[in-house]
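# Structural characterization, general
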Number of protein chains: 10
Amino acid sequence: MPRPELLETFPNPYPDRPYEIFMTTPEFTSLCPIGGIETDAAELKLLEGGAPDFATINIWYEPGAKCVELKSLKLYLWSFRNDGIFYERVVNRILDDLVRVVEPQWMKVEGDFNVRGGLKSIIRVEHGRRAG
Amino acid sequence: MPRPELLETFPNPYPDRPYEIFMTTPEFTSLCPIGGIETDAAELKLLEGGAPDFATINIWYEPGAKCVELKSLKLYLWSFRNDGIFYERVVNRILDDLVRVVEPQWMKVEGDFNVRGGLKSIIRVEHGRRAG
Amino acid sequence: MPRPELLETFPNPYPDRPYEIFMTTPEFTSLCPIGGIETDAAELKLLEGGAPDFATINIWYEPGAKCVELKSLKLYLWSFRNDGIFYERVVNRILDDLVRVVEPQWMKVEGDFNVRGGLKSIIRVEHGRRAG
Amino acid sequence: MPRPELLETFPNPYPDRPYEIFMTTPEFTSLCPIGGIETDAAELKLLEGGAPDFATINIWYEPGAKCVELKSLKLYLWSFRNDGIFYERVVNRILDDLVRVVEPQWMKVEGDFNVRGGLKSIIRVEHGRRAG
Amino acid sequence: MPRPELLETFPNPYPDRPYEIFMTTPEFTSLCPIGGIETDAAELKLLEGGAPDFATINIWYEPGAKCVELKSLKLYLWSFRNDGIFYERVVNRILDDLVRVVEPQWMKVEGDFNVRGGLKSIIRVEHGRRAG
Amino acid sequence: MPRPELLETFPNPYPDRPYEIFMTTPEFTSLCPIGGIETDAAELKLLEGGAPDFATINIWYEPGAKCVELKSLKLYLWSFRNDGIFYERVVNRILDDLVRVVEPQWMKVEGDFNVRGGLKSIIRVEHGRRAG
Amino acid sequence: MPRPELLETFPNPYPDRPYEIFMTTPEFTSLCPIGGIETDAAELKLLEGGAPDFATINIWYEPGAKCVELKSLKLYLWSFRNDGIFYERVVNRILDDLVRVVEPQWMKVEGDFNVRGGLKSIIRVEHGRRAG
Amino acid sequence: MPRPELLETFPNPYPDRPYEIFMTTPEFTSLCPIGGIETDAAELKLLEGGAPDFATINIWYEPGAKCVELKSLKLYLWSFRNDGIFYERVVNRILDDLVRVVEPQWMKVEGDFNVRGGLKSIIRVEHGRRAG
Amino acid sequence: MPRPELLETFPNPYPDRPYEIFMTTPEFTSLCPIGGIETDAAELKLLEGGAPDFATINIWYEPGAKCVELKSLKLYLWSFRNDGIFYERVVNRILDDLVRVVEPQWMKVEGDFNVRGGLKSIIRVEHGRRAG
Amino acid sequence: MPRPELLETFPNPYPDRPYEIFMTTPEFTSLCPIGGIETDAAELKLLEGGAPDFATINIWYEPGAKCVELKSLKLYLWSFRNDGIFYERVVNRILDDLVRVVEPQWMKVEGDFNVRGGLKSIIRVEHGRRAG
């Protein structure tokens, strides 16, 4: 399962001024849930049913006292690689994990998933309100 | 005729938080009404008059208690394939069918139809108000 | 001169719900006025002065009780082909003719004219207010 | 099954000079074979297994004594709409049908099929040699 | 009918060196032949059957002793505006008229016609051989 | 120096309805001021210091009683060709000259200048308020 | 390690005519070798060192007696997901595995890998010679 | 360390009218902090740990009494070249230095940093409120 | 008239190996000849007839013993700014001037001129043969 | 000065088959030579004259017994960061250094340098002949 304990922060160097940070990666991958049941990495289900999903993950936030450390965010996103999980949960889960650790003023997460069966899906979720 | 009974849902995993889901497919096709009369699949009119129409269908919504299941949406959109139906009805009909089954907070449907006689048409229709 | 009598309508299949229809064609052509005097098709001035103009015409509207029939719109737009007419009049005239026949809730017309003398012109005009 | 009898030709207006004609449509659709068995339109299999395929079909040729009539080509391509047929056969079949009717100097057919399972396929096949 | 007598030339300022001139316009328009019969401008058939065609015309050549004067080429291309004529004839005719007047070392003409019935056509024809 | 006396107008054919006109040209050129001193065309400084500047000029306005005549605008913009003038003054000056002659309801002018020293500059200035 | 036993074929429906098949997927992922040592899926090294790699894989071939079955190709490409392997080996290995099973007339494989350390890599390898 | 003393200004030629100036350069480069410790140019750390970062810097402002001189801005941005500094500090620092020297009505600075570890970052920060 | 005496060279640092240098500028401008008569800068004809032309100039060459100095090439291209000259002569003249001064192994010059009267022109001319 | 001793190789895993490797980075930067004199990193000339240059470096090769290690290539390209060096030398020097260490069958290096004074330069140089 995703490992939020991998996320690290550093002190926001300009905590008194609202500003926006945007981060994006086209390299997110997880697995489809098998038979609608979400799975974790303990047993590698790949090739026995859980087909890979691919997405671009976009994150916008206004930092409070902390900024997320980029390398730790990368490791955290890698930790979804071998779990079976729904699109809607992926995006809400990333928001929840980041909000808990980074305590931002405002944050938006978007998952732009590759075409499956001719259909493309994009999920967007937001936390808090922008100050800037 | 379109078969809304094909549409399936699953429980929204984050029902307490408003968020947005966007789905798009460039693979929608139906037929022109013949002599302005809408037809259904019982008799295959193709080649006796009803020329094929092609469109990209875009759907945005904020889920309430339910999310639409992607595979069932694909099957539902396929069910327009051999019916004669106006552009305006296609888009309003998809909205109506989805709203009835998915009961979203807010939904928008857009049909972006291919050029006919040098003219391109896009129809957009909305239901409810965004909370997020 | 433009022939608005070519425009036809059909009953809006969803008259109770405000929604938006967009139509566009890159195939509009008319002539320059000769010596600033607008001319009509009775005498074909082509090559004796009135140079051809080319434009993309974009139309957005929210239908009331009626929708414009696509084929009739195409024929109406063709009827500008051999008249000498200013850009500003083309776009305002299309709006006036369509508003009279279609009686929309709201309508916007845009003419995006090709480069002349290194300068490109776009004219935009609107009628009424959006309900949706 | 595809209906090559729909194809019509007209005499090449410049038969003494080799030249190239290119035609393309993004509006080709057929069905997947069910269980690997190709099906025809007599029985509409749609929704009982044969999923729709979508492709852009590109055709290049050097005419001999005849040119293919555009409207008849459109009708011929529509006739694949409700048959179950492999990608490889679609493209080779179109080439064979056109070569038989149009008797070109040279012809190339390309089918650019939409993504399925994350994979896109393009098939290209050629007949004869270019003179020009 | 097209008026090749509008074409003018000027002496090639560098006649001893082979070089290439390319000219292109997206503003070509003519009419469909009515009932397959080609028509001329004497009687304006527009709106009684002959639908407008639109194309981009591309011309490449290596000049011999003469270059085509740009403004005269524009007038010549305008002269197709109200004639009913097939795509294949448009492109071959432009080549023939230009070759007769300009006597180039080599010339290629391409007509890239707008989508009709979901199908796009491009015709390419060549005269002579490149020296450069 | 720029010659606003070149600007001509014609009566707005639809003076009772607010609408928007946009004009753009990628063909604006002037010179850098030499040693920070603005120069005029009386003495052609080119090559003795004043390097050429290039810009795209974009103009939006809502006409009042008058519209600017396109050809006269082109001539006016040409009149900057051999003067040394700062970016900020170019854009404000064009706005001032046009507002004086055209007396629009609202006008915006934008100068999008080519890269110099790895830096690109865009200046935007506005007059009045939109009615439409 | 990659599992070529997943690859399946079907008989080429047009074995007597050389033609080209192109397939592409942007959804290839494998792992970096750890300390330069290639690893396999038996032990999931992810997060203990082997960072994920992402690539688009492009495959062109001229079939002989057999065509590769698309779904089986997808499964085969998935089987690299949790192995540590060099770019150069990925691309050559895919070519070798496909050539052994599909026995094509000609085949080209290209791996277009995502940026790492500001550097992008593309590897291309070919087998046999084109007949068509 | 960055050298704000390089920044120069000139008097705003139109101080009474609010307008917007935008400047952008894709040629910003600095170094990563080593071990999270920011470094300055006194000792060139390059190749002993501090990897180069690359960004596009976008600046928007409404001038007050002064405009920033373009060449001096370029020199100021060059002065980050050999310092180790965090993304968040780069963007906030540029804003602070410019605000101090240029005293604008409003200013926005955006740093669009190249991909690192598959992740791209964009930082945006603003000062004051727009008048125009 | 163009001033080839502005062109400077520096010794090719790798004279023993054939290699290619490409240079391009979108900032070329000259004037139309007035009444077909080419003019020079002695009298500034601007606004009395000679309309500005704009082009992108592309230059490819394989150096012999000398390379053209970039700044001097820029000054040379500026020297066309106020002369009336035909497109065909511009491109051939640049080739001739550069060949005389730089004595390259091979050189190609292309002038891509902006649209005039709806027509775009590109002229390409070459000298010598590539060794590499 | 550039440090070729940073370049490392690993054994080509498929030495018996010719294949192509392409690598590209948009993150190359060096300095202009000051007064035409090439400088090295011993003394940091930045801001006393040597303006930064920026380029995309593209490298294609067919490996022999060795492949260049990606991380070492990145470090080698970083080593140009603070030296004053001509474009022509940059590209030829990278080729020479890589050929000496990697001993490829064939190699091409291209430097695509950012616009300076409105002019963009691209240098391409090649070593050996392709086998594949």
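Residues numbered from 1 in each chain as written. Chains lettered and ligands numbered in written order. Predicted model: local features only at pLDDT ≥ 70, side-chain atom pairs only at ≥ 80, totals over all residues. Heavy atoms only, no water.

### Let's talk about the overall build of chain A
Using the following cut-off: We count a stretch as a helix when DSSP gives it H or I for four or more residues in a row; a strand needs E for two or more, and each element gets its number in order from the N terminus. Each residue's exposure class comes from its accessible area (1.4 Å probe, protein chains only) as a fraction of the maximum for that residue type: buried when under 20%, exposed when over 50%, partly exposed otherwise. By the convention used here, residues are in contact when the closest approach between their heavy atoms is within 4.5 Å. Accessibility throughout is a Shrake-Rupley quantity obtained with a 1.4 Å probe, and a residue counts as covered only by protein chains that appear here.
The helix and strand inventory of chain A stands at 2 helices and 6 strands. Each helix and strand of chain A, ordered N terminal to C terminal, gives the series β-β-β-β-α-α-β-β. For chain A, with 132 residues in total, the buried portion stands at 59%. Here the contacts in chain A between residues at least 6 apart in sequence split such that 74% fall between residues at least 24 apart. On chain A, roughly 5,000 Å² of surface is accessible, and the fraction owed to carbon and sulfur atoms is 51%.

### Structural notes on the interface of chain A and chain G
Note the cut-off: When two parts are brought into contact, each loses some accessible area as probed by a 1.4 Å sphere; the total of that loss over both is the buried area. The salt bridge definition used is simple: a Lys or Arg side-chain nitrogen within 4 Å of an Asp or Glu carboxyl oxygen. Three classes are used, and their members are as follows: Ala, Val, Leu, Ile, Met, Phe, Trp, Tyr, Cys and Pro are nonpolar, Asp, Glu, Lys and Arg are charged, and the others, Gly among them, are polar.
Taken together, the contacts link 20 residues of chain A with 20 residues of chain G. For the pair chain A and chain G, the summed buried surface comes to about 1,800 Å²; carbon and sulfur atoms form 62% of the total. Linking chain A to chain G there are 2 salt bridges. Those elements giving two or more residues to the side of chain A that touches chain G turn out to be strand S2 (19-31), strand S3 (52-62), helix H1 (70-78) and strand S5 (106-116) of chain A. Sorting elements by how many residues they give to the side of chain A that touches chain G places S2 of chain A first, with 5 residues. Each residue belonging to the side of chain A that touches chain G can be placed in one class, and the counts come to 11 nonpolar, 5 polar and 4 charged.

### Description of the packing of aromatic side chains
What characterises a pair of aromatic rings is the spacing of the ring centres plus the angle enclosed by the ring planes. Selection criterion: Between rings of Phe, Tyr and Trp, where Trp is taken as its six-membered ring, a pair exists when centres lie within 6.5 Å; planes separated by under 30 degrees are stacked, by over 60 edge-to-face, and by other angles tilted. We count a charge as sitting over a ring when the NZ of a lysine or the CZ of an arginine lies within 6 Å of the ring centre and within 35 degrees of the ring normal.
With the rule as written, the count across this model stands at 55 aromatic pairs over all chains. Pairing Phe-86 of chain A with Phe-10 of chain B gives two aromatic rings, centres 5.3 Å apart and planes at 15°, and the pair type is stacked. On the criterion of chain membership, the pair formed by Phe-86 of chain A in the loop between H1 and helix H2 (87-102) and Phe-10 of chain B in strand S1 (residues 9-11) is interchain, its members lying in two chains. The exposure class of Phe-86 of chain A is partly exposed, given its relative accessible area of 29%. Centroid distance Tyr-87 of chain D to Phe-113 of chain D: 3.9 Å. Interplanar angle 10°. Geometry classified as stacked. Taken together, the residues Tyr-87 of chain D in helix H2 (residues 87-102) and Phe-113 of chain D in strand S5 (residues 106-116) connect sequence positions 26 residues apart. The class for Tyr-87 of chain D is buried, based on a relative accessible area of 11%. Taken together, Phe-28, Tyr-76 and Phe-80 of chain A form an aromatic cluster joined through their ring pairs. Geometry around Trp-60 of chain C places Lys-108 of chain C over its ring, the cationic atom sitting 4.5 Å from the centre. Against the face of Trp-106 of chain E rests Arg-130 of chain E, its NZ or CZ located 4.4 Å from the ring centre.

### So, the relation of the copies chain A and chain G
Stated precisely, the cut-off is as follows: The atoms used to superpose the copies are C-alpha atoms, taken from residues with pLDDT of at least 70 in both, and the fit is least squares.
Laying chain A over chain G is done by rotating through 180° and shifting 0.0 Å along the axis; what remains is an RMSD of 0.0 Å. Here the symmetry operator amounts to a two-fold rotation axis. Taken together, the interface assignments show that 100% of the residues at the interface of chain A recur at the interface of chain G, consistent with an identical surface on both copies.

### Notes on the pairing of strand S3 (residues 52-62) of chain B
All names here are of chain B. Going by this rule: Any two strands between which DSSP finds at least two bridges are classified as paired.
Most of S3 sits inside the fold, with 10 of its 11 residues counted as buried. Inspection of the sheet shows strand S2 (residues 19-31) paired to S3 by 9 bridges, in the antiparallel sense. Among the inter-strand pairings, Ser-30 is bridged to a residue of S3, identified as Asp-53. Where S3 lies against strand S5 (residues 106-116), 8 bridges are found, and the strand directions are antiparallel. Looking across to S5, one finds that Ala-55 is bridged to Phe-113.

### Quick notes on the pairing of S2 of chain B
Each regular strand shows side chains that alternate between the opposite faces of the sheet. The element S2 of chain B is largely enclosed, with a buried count of 12 among its 13 residues. Note that strand S6 (residues 119-128) of chain A and S2 of chain B share 6 bridges and pair antiparallel. Note that in S2 of chain B the partner of Ile-122 of chain A across the bridge is Phe-22 of chain B.

### Here we look at the pattern of salt bridges
In total, this model carries 120 salt bridges over all chains according to the counting rule given. The salt bridge partner of Arg-3 of chain D is Glu-5 of chain D, with a shortest N-O separation of 3.2 Å. Judged by relative accessible area, Glu-5 of chain D falls into the exposed class, the value being 57%. When salt bridges with common partners are traced through the structure, they connect Glu-20, Glu-62 and Arg-130 of chain A together with Glu-110 and Arg-124 of chain H into a single cluster.

### A word on the environment of Glu-62 of chain E
Of note, Glu-62 of chain E is situated in strand S3 (residues 52-62). When the C-alpha positions of Glu-62 of chain E and Glu-126 of chain E are compared, they lie 12 Å apart, and in sequence the two are 64 residues distant.

### Comments concerning the packing of helix H1 (residues 70-78) of chain J against helix H2 (residues 87-102) of chain J
Residue and element names in this part refer to chain J. The condition is simple: Axes here mean lines fitted to C-alpha atoms, for a helix over just the part in contact, with angles spanning 0 to 180 degrees between N-to-C directions. Handedness of a crossing is defined here by the sense of rotation of the near helix relative to the far one, left-handed for an anticlockwise turn of less than a right angle and right-handed for a clockwise turn.
Between H1 and H2, the least distance of the axes is 12 Å, while the angle of their chain directions is 140°. Considering only the axes of H1 and H2, their crossing is right-handed. Two secondary-structure elements touch here, H1 through Leu-73, Tyr-76 and Leu-77 and H2 through Arg-93, Ile-94, Asp-97 and Leu-98. Considered class by class, the residues forming the contact of H1 with H2 number 5 nonpolar, no polar and 2 charged.

### Looking at the side chain of Glu-88 of chain J
Stated formally: A residue counts as positive if it is Lys or Arg and as negative if it is Asp or Glu; His and the chain ends are not included.
Looking at the secondary structure, you find Glu-88 of chain J in helix H2. Buried and unpaired, Glu-88 of chain J has no salt bridge, with Arg-89 of chain J as the nearest side chain of opposite charge at 8.6 Å. Those residues in contact with Glu-88 of chain J, other than ones at most four positions away along the chain, are Phe-10, Pro-13, Tyr-14, Tyr-19, Ile-21 and Cys-67 of chain I together with Ile-123 of chain J.

### A short note on the nonpolar core
Grouped burial of nonpolar side chains is what soluble globular proteins tend to show. So the rule is basically this: Each nonpolar core is a collection of buried residues, namely Ala, Val, Leu, Ile, Met, Phe, Trp, Tyr and Cys, held together in the definition by side-chain atoms within 4.5 Å.
Ile-94 of chain D, Ile-94 of chain E, Ile-94 of chain G, Ile-94 of chain I together with Ile-94 of chain J are the most contacted members of the largest nonpolar core, which has 166 residues in total. With residues near it in sequence (within four places) discarded, Ile-94 of chain E still touches Phe-28, Ile-57, Ile-59, Tyr-76, Leu-77, Phe-80 and Val-109 of chain E. Core analysis: the second largest hydrophobic core is formed by 165 residues, Ile-94 of chain A, Leu-95 of chain C together with Leu-77 and Val-109 of chain H among them.

### Considering unusual backbone geometry
With a phi angle near 45°, Glu-103 of chain A is a residue other than glycine that sits in the positive phi range. Mapped onto the elements of the fold, Glu-103 of chain A is located in the loop between H2 and S5.

### Thoughts on the confidence of the model for chain A
In low-pLDDT regions, the fine details of the predicted coordinates are not to be read closely. All names here are of chain A. What counts here: Known as pLDDT, the predictor's per-residue confidence is scaled from 0 to 100.
Put simply, chain A has an average pLDDT of 90, and 89% of its residues get 70 or more. For the stretch residues 41-47, pLDDT sits under 50, and the model shows 18 contacts to residues farther than four places along the chain or on other chains. Both scores are available for the predicted complex, with the pTM at 0.92 and the ipTM at 0.88.

### Topic: helix H2 (residues 87-102) of chain I
Residue and element names in this part refer to chain I. Test applied: Every helix has an expected span of 1.5 Å times one less than the residues it contains.
Compared with the 22 Å implied by 1.5 Å per residue over 16 residues, the 23 Å span of H2 between its first and last C-alpha is a close match. Of all 16 residues that make up H2, 12 are buried, and the element is covered over most of its length. Taken together, the buried positions of H2 are Tyr-87, Glu-88, Val-90, Val-91, Asn-92, Arg-93, Ile-94, Leu-95, Asp-97, Leu-98, Val-99 and Val-102.

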